[in-house]
Amino acid sequence: MRKKIVAGNWKMNKTYPEAIPLLYGIKDNLFRSQNVAGVLKIIAPPYPYLHDFYESTKGIKNFYVAAQNCSSEESGAFTGEVSAAMIKSVGAQYVILGHSERRQYFNESEQDIMKKVDLALKHDLIPIVCTGENSQSRKENRQFEIVSKQLSESLFHLSPEQFAKIIIAYEPIWAIGTGLTATTAQVQEMHHSIRSFIETKYGSDIAGGVSILYGGSCNVSNSAELFSCSDVDGGLIGGASLKAEDFSNIIRSFPS
Ligand code: 13P
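Worth saying up front: this structure is predicted, and the values here are computed from it rather than measured.

Conventions we followed
Residues numbered from 1 in each chain as written. Predicted model: local features only at pLDDT ≥ 70, side-chain atom pairs only at ≥ 80, totals over all residues. Heavy atoms only, no water. Helix = DSSP H or I, 4+ residues; strand = E, 2+ residues; numbered from the N terminus. Expected span 1.5 Å × (residues − 1). Contact = heavy atoms within 4.5 Å. Axes fitted to C-alpha atoms, helices over the stretch in contact; angles between N-to-C directions. Parallel < 35°, antiparallel > 145°, perpendicular 65-115°, else oblique. Left-handed = near helix turned anticlockwise from the far one by under 90°. Nonpolar A, V, L, I, M, F, W, Y, C, P; charged D, E, K, R; others polar. Buried < 20%, exposed > 50% of the residue type's maximum accessible area, 1.4 Å probe, protein only. Polar contact = N/O pair within 3.5 Å; in protein donor to acceptor, adjacent residues only side chain to side chain. Pairing = 2+ DSSP bridges. Near = heavy atom within 4 Å. Areas by Shrake-Rupley, 256 points an atom, 1.4 Å probe, with all protein chains shown as cover. Core = buried A, V, L, I, M, F, W, Y, C linked by side-chain atoms within 4.5 Å. Phe/Tyr/Trp six-rings, centres within 6.5 Å; stacked < 30°, edge-to-face > 60°.

Student: Any chance you could explain helix α9 (residues 184-209) here in plain terms?
Tutor: Since there are 3.6 residues in each turn of an α-helix, residues three or four apart along the chain are aligned in direction. Over its 26 residues, α9 runs only 21 Å from end to end, short of the ideal 38 Å by more than 12%, given 1.5 Å per residue. Buried residues along α9 sit against β5 (126-131), α7 (143-155), α8 (160-163), β6 (167-170), β7 (212-214) and α10 (223-227).

Listed below in structure tokens is the structure:
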């Protein structure tokens, strides 16, 4: 059985006085719900809040904290960067890598992402690696080629034991923050293609065990339908993770 996962990527939103009540709102909301204990819940706040978030959630079953990025360097004179070791040392267990906003605005290459994945694993952080095509590539029907290239160039150097730890997110760029969700057919088709592509390299056991999350305008009104697809194991949520009730309801929307 693959893990069911809902991760909230807060991006660069919420000051500290806004972030704490939101975290408590999510916690309160989930405490009132019996049936989500089995779902892995991950929150990725901005770096400065990681330790506090870890401290205030560490007793809760299946509740973890993630960073939104890490440096591609181990340590040293890289002003403004935050290393995988630092993230691990404040209690985070996961790290989002290769988000399309990092690729687009900070020119991250597959080579950078590969280095970050290696450092994350070295420091015992679980990478959530993002893939996804832009609207132009989708129009040209090149989405499978784009996503396969991202996967092979950033992840296929890993050993089977290492790869088995990775979580994949499929986030079509044209659906992020646009309110334009991919259709369930498009999502299932891509998730199935990702799983098949992984199978060609790592075999059916590893491919069948990797959790693949969907991200891109996933919200309370479409999460149940998306999560009912056989190859969709949960979501990576942006905007809707900034509202306690919406995020909690998304966590509750797996088919029983
Ligand atoms: P939205 O849910 O706001 O579209 O963002 C998705 C995303 O980028 C999560 O990483």
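Student: Even after reading the chapter, I still don't get the packing of helix α1 (residues 16-31) against helix α2 (residues 50-57), so can you show me in this structure?
Tutor: Between two packed helices, both the angle of their axes relative to each other and the distance between the axes serve to describe the pair. Contact geometry for α1 and α2: axes closest at 11 Å, N-to-C directions at 25°. Here α1 lies roughly parallel to α2, going by the angle between them. Crossing of α1 against α2: the hand is right-handed. Across the interface between the two elements, Y16, A19, I20, L23, Y24 and K27 of α1 pack against D52, F53, S56 and T57 of α2. Taken together, the residues of the contact of α1 with α2 break down into 6 nonpolar, 2 polar and 2 charged.

Student: I keep staring at the side chain of S253 and nothing clicks. Help me out?
Tutor: By the secondary structure assignment, S253 is in the segment after α11 (244-251). Under the relative-accessibility criterion, S253 is labelled buried at 13%. Here S223 takes part through its side chain, which lies 2.8 Å from a polar atom of the side chain of S253. From its side chain, S253 meets the backbone oxygen of I250 in a polar contact 2.6 Å long. Not counting the four nearest positions on each side in its chain, S253 is found in contact with S223, A224 and F227.

Student: Can you walk me through the pairing of strand β2 (residues 40-44) in this structure?
Tutor: Put simply, side chains in a regular strand alternate between the two faces of the sheet. Burial runs high along β2: 5 of the 5 residues are buried. On β2, burial covers both faces: L40, I42 and A44 on one face and K41 and I43 on the other are all buried. Pairing geometry for strand β1 (residues 5-9) and β2, over 5 bridges, is parallel. By the bridge assignment for β2, A7 is matched with I42.

Student: What should I look at first to understand the site of the ligand in this one?
Tutor: The environment of the ligand is made up of N9, K11, H99, E171, A175, I176, G177, G216, S217, L236, G238 and G239. One of the backbone nitrogen or oxygen atoms of G177 is found 2.6 Å away from an oxygen atom of the ligand. One of the backbone nitrogen or oxygen atoms of G238 is found 2.9 Å away from an oxygen atom of the ligand. Considering the ligand on its own, with 310 Å² of exposed area, one finds that the protein chains cover 94% of that surface. Of the residues belonging to the shell around the ligand, the class tally is 3 nonpolar, 7 polar and 2 charged.

Student: Can you walk me through the pairing of strand β8 (residues 234-237) in this structure?
Tutor: Alternating residues of β8 divide into G234 and L236 and G235 and I237, and every residue in both groups is buried. Strand direction decides the pairing type here: β1 and β8, joined by 4 bridges, are parallel. Along β8, the bridge assignment pairs V6 with G235.

Student: Where do I start with the nonpolar core in this structure?
Tutor: Where a protein is soluble and globular, its nonpolar side chains tend to be buried together. Ranked by size, the top nonpolar core spans 65 residues in total, and within it L155, F163 and I168 carry the most contacts. The next biggest cluster of nonpolar side chains, apart from the first, holds 14 residues, and it includes A7, I96, I128 and A169.

Student: Help me understand helix α5 (residues 110-122), please; the structure alone is not making it clear to me.
Tutor: Between its terminal C-alpha atoms α5 stretches 18 Å, which fits the 18 Å expected from 13 residues at 1.5 Å a residue. Turning to α5, its buried residues are E110, I113, K116, V117, L119, A120 and L121. Looking at the buried positions of α5, the neighbouring elements they touch are α3 (84-89), β4 (94-97), α4 (100-105), β5, α7 and α8. Positive backbone phi, at 65°, marks D124, one or two positions downstream of α5.

Student: What should I look at first to understand the environment of K58 in this one?
Tutor: In this structure, K58 sits in the loop between α2 and β3 (63-67). Side chain to side chain, K58 and E55 meet in a polar contact 2.9 Å long.

Student: Hey, could you run me through the packing of aromatic side chains in this one?
Tutor: Each aromatic ring pair is summarised here by two numbers: the centre-to-centre distance and the angle between the ring planes. According to the stated counting rule, one finds 10 aromatic pairs in the structure shown. Aromatic side chains Y64 and Y94 sit 5.6 Å apart centroid to centroid with 55° between the ring planes, which places their arrangement in the tilted category. Placement of the pair is Y64 in strand β3 and Y94 in strand β4, with a sequence separation of 30 residues. Overall, the relative accessible area of 25% leaves Y64 in the partly exposed class. Among the residues examined, Y94 registers a relative accessible area of 6% and is labelled buried. Pairing F156 with F197 gives two aromatic rings, centres 5.1 Å apart and planes at 25°, and the pair type is stacked. Of this pair, F156 sits in the loop between α7 and α8 while F197 is found in helix α9, placing the two residues 41 residues apart along the sequence. For F156, a relative accessible area of 12% puts it in the buried group. A network of ring pairs unites the aromatic residues W10, Y16, Y49 and F53 as a single cluster.

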